[in-house]
Amino acid sequence: MSESVLKSLSGPVVLLGAGKMGGAMLEGWLKLGLPADKAVVLDPNLPAETAAALAGRGVLVNPALASLPAPAVLLLAVKPQVAPEALPPVAPLVRAGTVVVSIMAGRTLGTMAGILGAQAAIVRAIPNTPAAIGRGVSVAVAGPTVTAAQRELATALLGAIGIVEWIGDEALMDAATAVSGSGPAYAFLLAEVLAQAGVAAGLPAELSARIARATVSGAGALMDQSDLPAATLRQNVTSPGGTTAAALAVLMDAGKGFGPLMVEAVAAATKRGKELAG
Ligand SMILES: NC(=O)c1ccc[n+]([C@@H]2O[C@H](COP(=O)([O-])OP(=O)(O)OC[C@H]3O[C@@H](n4cnc5c(N)ncnc54)[C@H](OP(=O)(O)O)[C@@H]3O)[C@@H](O)[C@H]2O)c1
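Because the structure is predicted, anything quoted here is derived from the model rather than measured.

Caption draft 1: Here's a closer look at the pairing of strand β7 (residues 136-142). Extensive coverage of β7 is indicated by the burial of five of its seven residues. Here four bridges tie strand β6 (residues 121-126) to β7, and the two strands are oriented antiparallel to one another. Looking across to β7, one finds that I126 is bridged to V139. Where β7 lies against strand β8 (residues 162-166), five bridges are found, and the strand directions are parallel. Looking across to β8, one finds that V139 is bridged to E165.

Caption draft 2: Structural context of the environment of A160. Relative to the helices and strands, A160 resides in the loop between α6 (148-159) and β8. Sequence separation between A160 and K31 is 129 residues; the distance between their C-alpha atoms is 9.2 Å.

Caption draft 3: View of helix α2 (residues 20-31). Over its 12 residues, α2 extends 16 Å from the first C-alpha to the last, a length consistent with the 16 Å expected when each residue adds 1.5 Å. Listed in full, the buried residues belonging to α2 are M21, G22, G23, A24, M25, L26, G28, W29 and L30.

Caption draft 4: Spatial organisation of the site of the ligand. In the neighbourhood of the ligand, 20 residues make up the surrounding shell, with K20, M21, D43, V78 and K79 lying closest. Take K20: an N or O atom from its main chain is 2.9 Å from an oxygen atom of the ligand. Here an oxygen atom of the ligand sits 2.6 Å away from a polar atom, N or O, in the side chain of K79. Here the ligand has 870 Å² of accessible area as a free molecule, and 75% of this is covered by the chains. In terms of residue class, the shell around the ligand is made up of 13 nonpolar, four polar and three charged.

Caption draft 5: Up close: the nonpolar core. Counting residues in each nonpolar core, the largest one holds 39 residues, and the members touching the most others are M25, L26, W29, L34, V41, L75 and V123. If sequence neighbours within four positions are ignored, W29 has contacts with L6, V13, L34, L75, L157, A160 and I161.

Caption draft 6: How the structure looks around the packing of aromatic side chains. In total, this model carries zero aromatic pairs according to the counting rule given. The ring of W166 has R151 sitting right over it, with the charged end atom 4.3 Å from the ring centre.

Caption draft 7: Structural view of the sheet that holds strand β3 (residues 60-61). In space, the eight strands of this open sheet follow the order β3-β2-β1-β4-β5-β6-β7-β8, with mixed pairing throughout. The outermost strands of the open sheet, each flanked by one partner alone, are β3 and β8. Of the strands in this sheet, β1 (13-16), β2 (39-42) and β4 (73-76) are in contact with α2, which crosses β1 at around 160°. The strands touched by helix α5 (residues 109-116) within the sheet are β4, β5 (99-102), β6 and β7, with β6 carrying the most contacts at an inclination of about 140°.

Caption draft 8: Molecular detail of the pairing of β2. Side-chain alternation along β2 places A39 and V41 on one buried face and V40 and L42 on a second face that is also buried. Note: β1 against β2, four bridges, orientation parallel. Paired with L16 across the strands is L42, a residue of β2. Tracing the backbone out of β1, into α2 and back to the parallel element β2 gives a crossover that is right-handed. Judged from the two bridges that link them, β2 and β3 form a sheet pairing that is parallel. Paired with V40 across the two strands is L60, which belongs to β3. What joins β2 to β3 is helix α3 (residues 48-56), and the crossover it makes is right-handed.

What counts, and at which threshold
Residues numbered from 1 in each chain as written. Predicted model: local features only at pLDDT ≥ 70, side-chain atom pairs only at ≥ 80, totals over all residues. Heavy atoms only, no water. Buried < 20%, exposed > 50% of the residue type's maximum accessible area, 1.4 Å probe, protein only. Helix = DSSP H or I, 4+ residues; strand = E, 2+ residues; numbered from the N terminus. Pairing = 2+ DSSP bridges. Expected span 1.5 Å × (residues − 1). Near = heavy atom within 4 Å. Polar contact = N/O pair within 3.5 Å; in protein donor to acceptor, adjacent residues only side chain to side chain. Areas by Shrake-Rupley, 256 points an atom, 1.4 Å probe, with all protein chains shown as cover. Nonpolar A, V, L, I, M, F, W, Y, C, P; charged D, E, K, R; others polar. Core = buried A, V, L, I, M, F, W, Y, C linked by side-chain atoms within 4.5 Å. Contact = heavy atoms within 4.5 Å. Phe/Tyr/Trp six-rings, centres within 6.5 Å; stacked < 30°, edge-to-face > 60°. Lys NZ or Arg CZ within 6 Å of the ring centre and 35° of its normal. Axes fitted to C-alpha atoms, helices over the stretch in contact; angles between N-to-C directions. Right-handed = clockwise from strand over helix to strand, strands pointing away.

See the structure below:
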């Protein structure tokens, strides 16, 4: 479904901000069949070699805005902090039929409608970086003017880079951002600190880094391929009275273990999302 939608768009996909997340999404779409000549990148500070590589593949890079046909999709992938300067220049691109997909953390549908116009069809979404390998998670909420067909288009676009979860209540977006948007960083941090803990326990640093990284990614892959709940997979590692049980007694401490620490971390990220709303 995604593939045919991407090949039959009524106009270009315009990407505002071709950084880590926007760039990963564009790559996913190009891989899935978005014709390169239907992709437009607007990013004034793009490194020359990145711009040349995109242009070499047929992507239109930083064209004059007035020369562009009505976009089918405008993806807002700049940092939330630069939205007040970055969005007004692209507001004239938004026509009837254009679906605006914002992936900016914190920035609300209301704020974006205030800049792009009350009639703009805006989807606010939070993807995550495993999108780069088609394994992203996107949580999305549609603004009041988004039609069923536009929502389907947004589903296809976000579905091209992973799974999509629609929510009806925008107030949940900051918490979703804290869990799935930021979540990959928590998993990578786990690999980092596990490696450091291995060194503290006497392992050579490079060996510790290799086995910690492979363990975190292997556990993720096992969870991916299993139907068992995460708790059961954890229990399957935990021999009664064994080594894992000793470690988990520390990590699952009700007062200072992983659980309360993660609650605190997700609350901090959620709070920051609300601050970024502006
Ligand atoms: N990274 C993630 O995991 C993730 C996940 C979900 C959502 N997001 C959201 O995605 C957005 C981008 O995040 P990111 O991590 O991809 O950041 P990033 O790598 O910094 O990408 C933003 C890009 O926008 C460019 N830019 C700055 N001002 C611009 C302007 N006026 N017009 C066009 N482009 C401009 C930046 O250039 P300079 O570097 O020169 O400023 C950069 O290339 C943020 O709003 C973030 O909340 C990110």
